[in-house]
Amino acid sequence: MLKETVLSRSVRIMFAGSLGLAMSISAPYAMAQEAANSATSTQRVEITGSSIKRINQETALPVQTLSRSDIEKSGANSVADLVAALPSMQGFATANQTINGGGGGIQTASIHNIGASYTLVLLNGHRLASYGSGSAVNLSSIPMSAVERVEILTDGASTLYGSDAIAGVVNFILRKNQTDFSVDLTYNQPQHSGGKSYNFGISKGFGDLEKDGYNVLLAYSHDEQKELNASQRPFADTGVRKFSQNGKNYATWSLSDNSSPAIAQLKMKDGSDPVMFSPDLLKNGKCGPNTFQVESRCRFDFASTVQLVPESKRDSFFGSVNYKLNSDTNLFAEAVVSKFTQTGRYAPAAQPLALPLSSPLYSKYVAPYLGQMGVDPANVDSALMRLRISDAGGRNTAYGTEAQHLVFGVDGNAFGMDYNASYTHSISKRSRDFAGGFLSKDKFYAIVDAVPPASSYDPFAPAGSSGAILAPAVLHENWSSSQNTLDVLSLRGSRELFTLPGGKAQLGLGTDFTRQGYDYHTTPIGMGNNALQPNYTDAPLGDSPGDLPIAASRNNWGAFAELLMPISKRFDVTAALRYDSYTAIKNTANFDPAGKPIAAETQGNKADKLTYKLSAALRPIDSLLLRGSYGTGFKMADMSTITSPLTHSGNTGAQYDCPVKAPDPRAVNCLGKTQYDILTGGNRLSGENGLKAEESKQATLGFRIEPLSSLSIGLDWWDVKMSNQIASLPEAVVFGNPAKYDNLFSTFYEAGQGGNILVATLPSFNIASAQYQGIDWDASFKTATPIGKLSMNWTGTYLLKSDYDLPGNPTVQSVGRYDEFNNVAFRVITRLATTLTTSEMFSHSMMINYKSGYHDHQASVREVNADGSFGNFVDLDRDVASYTTFDWQTRAQIKKNITLTFGIKNLFDRNPPLSLKDGNGDQVGYDGRYADAMGRTFYMTGSMKF
């Protein structure tokens, strides 16, 4: 059991004992009786998760709604920040992960930790092109200034939307029928240095749809986020962070032997352990910047050189047109154009270089110190320079996303049927550019080997002396580009049928045809040297070689039917069916540079599937709603999971013992416990050996009670079971059982080192299953007080299961622990907040955000002696503390058309809790996916309407 701090225990007791303080971040739910009594409740509207227009009331499905007011009160800088703050969201990609953490410049949504690829993101109910070959959408493409509200369905909806809505749906509803001119400006300034941001948006509407019969809305927004560096925060400015645990002092020890100036590594003829030392240390008696002395060498402190938050910019345009053709028919069109760039910087490139024993560098920097190191010169077999190329600068990777989204269609009512017909054309372009710190291998070696030596690069010289020499080799060009194109034709309608005791039964029908295209290519510098590119030798130093291009496409069509049956005034049942048919993938990029076919043009399997869903709502009394649902779903493999060629995919997140032993010829770079390189690729086979569709079963059961008109409490249990999941074996499993997976270890030609290295191949198959289970709750309360109106809200998720199974391996249980995939599933995430409106002019809001603690990654740390010196290495088991932050906001309605807002995020300047995590890039000491690195941040927002 995790130990609780006094603060976390107090928060837990406060949560359990009262509704506490709450800002209305999740809109209160209205009961059916209240809706029936409202003059405005008779309008039938679309509800996310259903194809049937109905009175806007509580349904059998758990739908959370964020209004425009909720969005403004949240203090979020972007759509991604807004969604990430919801307690029901876990397992999404964050901006922090762009910094060598696999994020790739994207930010996603993931409901209940099930994953971004299982969470459908819609814009005004229409699909968006994903950032890759699957279905996950980059939220950075959506302009928050144009969002009117957000609807989040936390239940599977595959029977309505298709195969990628297993976890649920996030539907962004953009502004509509606006007539005024609006200007919004926000500025964020952390109390400590670094990380400031600002955004502004303007919008103008023309024509009132009801009065004039048309409305045109135009909106533009611009956002900028400045970088935050590790050197600007004491909890992350070094890989050697001292801390206390159970009365003892320890230090993290995340250092690298690829250093600046270079470390010499000698291989001995007699088979004894390699000898390593820093010539610069032995010469000058001290280590240089960003290094720590470890015995006779200066190891590089890479964590001190990285960013914590990347720099980003976004420009977005939104336009919509609505035209009433007549009282029953509306024509509409909408367009979104967005450009988002994000640049992450991490440590300078690390590059081992061969050091010939006959070279001048060996004579100058190594030979004079062999006696001091106790090395017999005649016993030296070979030498290596372990180099950090600091003079080229930190590695800067610039990611760009361009989104173009167009929808036009018609909706209305004809022959007693509400209908909607639309065409969606959506494009998402993504690029990855070298923006500094990466080097051309060919140009770098030309500099290293230059003659005379006075003009060449000296790896053993102090950092800062060779920037101009290396400049010609530093890359500033594109590494890879991709484009995903989505075309959807959709037709749906609903109408009343027969009469039941509870009212009219209603039927919803729909069909859609979708074509998805995915194109991917790398530029020559990124292609590297492997078996498929035998005539190309150059490669980027500081990154993995690229792979072959992909030009894939796939079609699918689906049809659904949904029947709502009000069995009685207090009980209704909804049944839905959907049929989907997917073609196999056509990949026209199947030739190597010499024109030789490397795979069939048709790849993977076609598939068709029937899914269903049943849901019911019972209102035994006016103040109580009981609801539940059960359904099935399935998901096709992403196109790249099928079509991707085998390629180098970086290195393992953790360090492992060598999985093979000499004289095995694969043991070419075994140096004890270290990181090893990984190969991944698609499964292009068809039939039984190819990838099949993943399948799911989902269930929910919940209630909502309103004992008072001012109090509403809701709770929903949910469960999702996945089978036939597509997965590659975890690195920890493969390296933990090297004999069992011996066939997955091989050698791979690494261009940077000019020779073969040991690699592990992690292929994908339908081998996994998973179960996710938990409880969502929300409670809202409103009352009048002597000093103003008080509204309170408490939302949260209690995760019961987040389990992942691979055959023949222990179940990976992720709840409350740092798991084998380097991720955490939090047991409890909750938000407790309040808004106090003291007058027509002022309102004040406080929000408490809480994440429970978890069992940390077991890591090797060093003991710290009483005199501050470092002692032995020990494996430490520990827990990461719970994380609680407070946010404050005061809002002033200066005039009817002018609003000013002042807020403080992380009011008490809470630092992220210590984590010994292994994965997610080069940051050390905390986990930026789960905690805020900014600290106390002040912000101001001004809004004006004309």
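If you're wondering where the values come from, they're calculated on a predicted model, not measured in any experiment.

*Asks:* Tell me about the sheet that holds strand β22 (residues 380-388), and please be specific about residues and values.
*Replies:* Spatially, four strands are ordered β15-β14-β22-β21 in an open sheet, and the strand pairing comes out antiparallel. Of all strands in the sheet, those bounded by a partner on one side alone are β15 (275-277) and β21 (350-354). The average angle at which neighbouring strand axes cross in this sheet is 20 degrees, direction not considered. Relative to β22, β21 is paired through five bridges, and the arrangement is antiparallel. Its bridge partner being in β22, Ala354 is matched across the sheet by Leu384.

*Asks:* Could you give an account of empty space enclosed by the protein, naming the residues involved and the relevant values?
*Replies:* Scanning the entire structure with this criterion turns up eight cavities of 30 Å³ or more. Approximately 370 Å³ is the volume found for the largest cavity. Forming the walls of the largest cavity are 26 residues, and the residues nearest its centre are Arg68, Met144, Thr186, Asn199 and Thr941. Mapped onto the lining of the largest cavity, the elements with two or more residues apiece are α3 (68-74), β8 (181-190), β9 (197-206), β10 (214-225), β50 (883-895), β51 (898-905) and β52 (937-945). Of the residues assigned to the lining of the largest cavity, the class counts are six nonpolar, 14 polar and six charged.

*Asks:* Talk me through the state of the cysteines; I want residue IDs and the actual numbers.
*Replies:* Using the criterion set out here, one finds one disulfide in the structure. Bridging Cys287 to Cys298, the disulfide has an S-S length of 2.0 Å. When the S-S torsion is -85 degrees, as for the bridge of Cys287 with Cys298, the disulfide is left-handed. Linking Cys287 in the loop between α7 (279-284) and β16 (291-294) with Cys298 in strand β17 (residues 297-300), this pair joins segments that are 11 residues apart in sequence. The exposure class assigned to Cys287 is partly exposed, which follows from its relative accessible area of 22%. The exposure class assigned to Cys298 is buried, which follows from its relative accessible area of 6%.

*Asks:* If you had to explain the sheet that holds strand β12 (residues 242-245) to someone new, which residues and values would you point to?
*Replies:* In spatial order, the strands read β12-β13-β47-β48; together these four strands make up an open sheet with antiparallel pairing. Edge positions in the open sheet fall to β12 and β48 (870-876), since each of these has one partner strand only. Taken pair by pair, the neighbouring strands of this sheet meet at an average axis angle of 45 degrees, ignoring direction. In the sheet, strand β13 (residues 248-251) pairs with strand β47 (residues 859-864) via two bridges, with the strands oriented antiparallel. In the sheet register, Ala251 faces β47, and the bridge partner there is Arg862.

*Asks:* Lay out the pairing of strand β20 (residues 329-346) in plain terms, naming residues and giving numbers.
*Replies:* In the sheet, strand β19 (residues 311-326) pairs with β20 via 15 bridges, with the strands oriented antiparallel. Bridging across to β20, Ser316 finds its partner in Ser338. Bridge count for β20 against strand β23 (residues 395-414) is 18 bridges, and the pairing is antiparallel. Looking at β23, one finds that Gly344 is bridged to Thr397.

*Asks:* Requested: an account of the packing of aromatic side chains, with residues and values cited.
*Replies:* Counted under the stated rule, the structure contains 24 aromatic pairs. With centroids separated by 5.9 Å and ring planes inclined at 35 degrees, the aromatic side chains of Phe181 and Phe946 adopt a geometry described as tilted. Of this pair, Phe181 sits in strand β8 while Phe946 sits in the segment after β52, placing them 765 residues apart in sequence. Residue classification places Phe181 among the partly exposed positions, given a relative accessible area of 30%.

*Asks:* Talk me through helix α9 (residues 441-448); I want residue IDs and the actual numbers.
*Replies:* Helical geometry note: an α-helix holds 3.6 residues per turn, so side chains three or four residues apart project in the same direction. What α9 keeps buried is the set Lys441, Phe444, Ile447 and Val448. An end-on view of α9 places all buried positions within 130 degrees of arc, on one side of the element. On its buried face, α9 is in contact with β21, β22, β25 (439-440), α10 (467-470) and β28 (540-541).

*Asks:* Help me get a handle on the environment of Leu486, residues and values and all.
*Replies:* Tracing the backbone through its elements, the reader meets Leu486 in strand β26 (residues 478-500). Separated by 358 residues in sequence, Leu486 and Leu128 place their C-alpha atoms 7.4 Å apart.

*Asks:* Which residues make up the nonpolar core, and what values go with them?
*Replies:* Note that soluble globular proteins tend to have their nonpolar side chains buried in a common cluster. Formed by 63 residues in total, the largest nonpolar core has its most connected members in Met89, Leu139, Ile142, Val150 and Phe172. Once you skip the residues sitting within four places of it in the chain, Ile142 turns out to touch Val79, Val121, Leu123, Leu128, Val147 and Phe172. Core analysis: the second largest hydrophobic core is formed by 32 residues, Ala262, Ala349, Tyr369 and Tyr457 among them.

Scoring rules and cut-offs
- Residues numbered from 1 in each chain as written.
- Predicted model: local features only at pLDDT ≥ 70, side-chain atom pairs only at ≥ 80, totals over all residues.
- Heavy atoms only, no water.
- Pairing = 2+ DSSP bridges.
- Helix = DSSP H or I, 4+ residues; strand = E, 2+ residues; numbered from the N terminus.
- Axes fitted to C-alpha atoms, helices over the stretch in contact; angles between N-to-C directions.
- 1 Å grid on protein atoms, 1.4 Å probe; cavity = no way out; pocket = protein on both sides within 12 Å on 5 of 7 lines; lining within 4 Å.
- Points joined across faces, edges and corners; volume = space filled by probe spheres on them.
- Nonpolar A, V, L, I, M, F, W, Y, C, P; charged D, E, K, R; others polar.
- Disulfide = S-S within 2.5 Å.
- Buried < 20%, exposed > 50% of the residue type's maximum accessible area, 1.4 Å probe, protein only.
- Phe/Tyr/Trp six-rings, centres within 6.5 Å; stacked < 30°, edge-to-face > 60°.
- Arc of directions from axis to C-beta.
- Contact = heavy atoms within 4.5 Å.
- Core = buried A, V, L, I, M, F, W, Y, C linked by side-chain atoms within 4.5 Å.

Shape descriptors only; they carry no functional weight alone.
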